[in-house]
Amino acid sequence: MAAFQAAFLNELEKLYKKRKFSVALVISILVIIVGQLVILGVRSGFGLRGVGSLEFPVLVLSIVINTILPLFTALVTIDCFSGEFTRNLMRITLTRPVSRFKIFTAKVAAICSFIVANLLLLFLLSALAGFLFNANSATFASWSRILLAYLVSALPLFVLALLLILLANIIKNSTSVFFASVILFLAMKAAGVLLSQYAGLLMTTHLDWYKLWLADTWPWDKILRQFCLMLGYGIMLFTAGFYLFDKRDY
Amino acid sequence: MINSCKAIEIINLTKLYANGRGINDLSLEINPGEIFGFLGPNGAGKTTAMKAMTGLIKPDRGDVKIFGYSIRDQYELAMSEVGCLIETAESYPFLSAWDNLKLQARYYPKVDTKRIEEVLEITGMLKFKDEKPRRFSLGMKQRLGLAAAILSKPKILILDEPLNGLDVEGMIEMRNLIKSLAENESTTFFISSHLIHDVELTCTRIGVIYDGIILNVDSTQNILQNYATVENYFVSEVERNGRISSSIPQ
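If you're wondering where the values come from, they're calculated on a predicted model, not measured in any experiment.

A tally of regular secondary structure across chain B gives 9 helices and 10 strands. Relative to the globule expectation of 18 Å for 250 residues, the C-alpha radius of gyration of chain B, 18 Å, shows essentially globular dimensions. Viewed in the frame of its principal axes, chain B has a C-alpha envelope of about 60 × 40 × 35 Å. For chain B, with 250 residues in total, the buried portion stands at 53%. For chain B, restricting intrachain contacts to residue pairs at least 6 apart in sequence, the fraction spanning at least 24 positions comes to 66%. Summed over all atoms, the accessible surface of chain B reaches about 11,200 Å², with 48% contributed by carbon and sulfur.

This is how it looks when you write it as structure tokens:
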């Protein structure tokens, strides 16, 4: 456990020192500011209400879950794996008394922590903007539900990260992994529209599963089905990713 | 922790690449406190052997035991007493020299900030501790790599071309450091180098590898009784093998 802890702390420190957190913070703030300016513009220009304090964080989530959050996840994941493969930096950790399984798990855990931190940051910023600029109609219960929507959004992003990890272990070059990820993401989005009857199986569709948690009565059957699918994908991708990571020569 | 009288046991180690190069059925035993020099021409399999010894590559067959612990099955235990520098000294370019060592120190509970300072002092890198390795010369990177290798006061040091990029002063310092660690702390060394004169001055036993096969292992003292220099011995061994290989009908 001590070796895993050391590897996990190291991964977090590397992410922090590479300024990934700062970049995520700056872009998140920019997204909130731009979003809020658009809302204010709509309100003053067209006389429309725009959104209330409660709807604003949901609106932000609906945008970022399909744009900057997958993008950040891709950048961090690729950097954690391909970036270290290509610059031979993986050797620094691999020659220490820590197993490859612990290194792999520590990297996955650090990426997951980054995703959760990013979601919480976006929630706090959007909630703050909602409070300050929009009509306040919120209760504690409704805020908790929105916080839950943000937190459950982490799960499909974890699965996406595991898919990217698998790609990073198949393709050698960081840039190629990034472009392959973008193409795959867009292809899954297109497949979700063109083959709508199979959309439920696609990872990109799961990104919107937070909507299920915003319903007045939770649709347990749908929640359970999507959860099981994501869990299944997660287990398979983790296993495949680790298999390649472990088999690799450094 | 230490449970065997042999520091390193290499047992029928085989790793063959698609191009036919690699190591074939390599077996060696290194005693505690020995400074073992691993000599061989380019492409003979020195680095492959060292990578397999440190778990960076998985052998096709065979095993390496470090103080009795298998590198294949008991990696963490086997590597707990090993420090290494393989191929090139890698360090995180976005972290300072100090932070690079701090990250690696996390894997060893006994290593504190005092020890980090100590290894930086030993390797002559203390005055550069706050600088990032991206601005370091090859020699400075090598010194930092060595500092990381000796950080945990390992009982075994596996060094692949440790004199790479070092100036004359650095080479002498390195040679003295190796000798003092072997004498005062009974550290076992497994060193590959193309600088035969340096191997002659530093190593107590020498093994010659050619075309992935160990040709001969002998003590430096014995070698120097039969040959004027280790270089003569090396050339004689390699030529003898070359003649044998070329005389075999294809």
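What follows deals with a nonpolar patch on the surface. All names here are of chain A. On the surface, Leu25, Ile29, Ile33, Leu37, Leu40, Leu128, Phe131, Leu132 and Phe133 cluster together into a nonpolar patch covering about 800 Å² of accessible area. Broken down by element, the residue count for the nonpolar patch peaks at 5 residues, all from helix 2 (residues 20–46). In this structure, Phe133 sits in helix 6 (residues 100–133). Given a relative accessible area of 41%, Phe133 falls into the partly exposed group.

What follows deals with the sheet that holds strand 7 (residues 156–160) of chain B. All names here are of chain B. Spatial ordering of the open sheet is given by 6-7-8-3-9-10, a layout of 6 strands whose pairing is mixed. This sheet does not close on itself; its edge strands, each paired only once, are strand 6 (82–85) and strand 10 (213–219). Ignoring which end each strand starts from, the neighbouring axes of this sheet average 15 degrees apart. The pairing of strand 7 with strand 8 (residues 188–192) spans 5 bridges and is parallel. By the bridge assignment for strand 8, Leu159 is matched with Ile191. Its contacts with the sheet place helix 6 (residues 168–185) against strand 3 (35–39), strand 7 and strand 8, and it is angled at close to 150 degrees to strand 8.

Attention now moves to helix 3 (residues 55–64) of chain A. Every buried residue of helix 3 of chain A is listed here: Phe56(A), Pro57(A), Val60(A), Leu61(A) and Val64(A). Looking straight down helix 3 of chain A, one finds its buried side chains confined to an arc of 135 degrees; they lie on one side.

Turning to the packing of helix 6 of chain A against helix 7 (residues 140–152) of chain A, a few remarks are in order. All names here are of chain A. Close contact between helix 6 and helix 7 brings their axes to 9 Å; oriented N to C, the two are set at 145 degrees. Once helix 6 is placed against helix 7, the crossing between them reads as right-handed. Where helix 6 abuts helix 7, its residues Leu119, Leu120, Leu122, Phe123, Ser126, Ala127 and Phe131 lie against Trp143, Ile146, Leu147, Tyr150 and Leu151. Partitioned by chemical class, the residues of the contact of helix 6 with helix 7 number 11 nonpolar, 1 polar and no charged.

So, about the nonpolar core. Phe81(A), Phe245(A), Ile8(B), Ile10(B), Ile158(B), Phe189(B) and Phe190(B) are the most contacted members of the largest nonpolar core, which totals 152 residues. Here this core gets 15 residues from one element, more than from any other, and that element is helix 6 of chain A.

So, about the confidence of the model for chain B. Fine structural detail should not be taken from predicted coordinates in areas where pLDDT scores are low. Residue and element names in this part refer to chain B. Mean pLDDT for chain B: 90, with 95% of residues reaching 70 or above. In the predicted structure, residues 246–250 sits below a pLDDT of 50 and forms 1 contact with residues beyond four places in sequence or in another chain. Under the prediction, the complex receives an ipTM of 0.88, its pTM being 0.90.

Attention now goes to the interface of chain A and chain B. Each partner contributes to the interface: chain A provides 29 residues, whereas chain B provides 31 residues. When chain A packs against chain B, the two sides together hide about 2,800 Å² of surface, and 54% of this comes from carbon and sulfur. Scanning the region where chain A abuts chain B turns up 7 salt bridges. As a salt-bridge pair, Asp249(A) and Lys15(B) come within 3.0 Å of each other at their nearest N and O atoms. The tally of links from chain A across to chain B stands at 21 residue pairs in polar contact (both at pLDDT 80 or more). If one sorts the elements of the side of chain A that touches chain B by residue count, helix 1 (residues 2–17) of chain A sits on top with 8 residues. A class-by-class count of the residues in the side of chain A that touches chain B yields 10 nonpolar, 5 polar and 14 charged.

Rules behind the numbers
- Residues numbered from 1 in each chain as written.
- Chains lettered and ligands numbered in written order.
- Predicted model: local features only at pLDDT ≥ 70, side-chain atom pairs only at ≥ 80, totals over all residues.
- Heavy atoms only, no water.
- Helix = DSSP H or I, 4+ residues; strand = E, 2+ residues; numbered from the N terminus.
- Rg over C-alpha atoms; globule rule 2.2 N^0.38 Å.
- Buried < 20%, exposed > 50% of the residue type's maximum accessible area, 1.4 Å probe, protein only.
- Contact = heavy atoms within 4.5 Å.
- Areas by Shrake-Rupley, 256 points an atom, 1.4 Å probe, with all protein chains shown as cover.
- Patch = residues over 30% accessible without salt bridge, like charges linked within 9 Å, V, L, I, M, F, W, Y side chains within 5 Å.
- Salt bridge = Lys/Arg side-chain N within 4 Å of Asp/Glu carboxyl O.
- Pairing = 2+ DSSP bridges.
- Axes fitted to C-alpha atoms, helices over the stretch in contact; angles between N-to-C directions.
- Arc of directions from axis to C-beta.
- Left-handed = near helix turned anticlockwise from the far one by under 90°.
- Nonpolar A, V, L, I, M, F, W, Y, C, P; charged D, E, K, R; others polar.
- Core = buried A, V, L, I, M, F, W, Y, C linked by side-chain atoms within 4.5 Å.
- pLDDT = per-residue confidence, 0-100.
- Buried area = accessible area lost by both parts, 1.4 Å probe.
- Polar contact = N/O pair within 3.5 Å; in protein donor to acceptor, adjacent residues only side chain to side chain.

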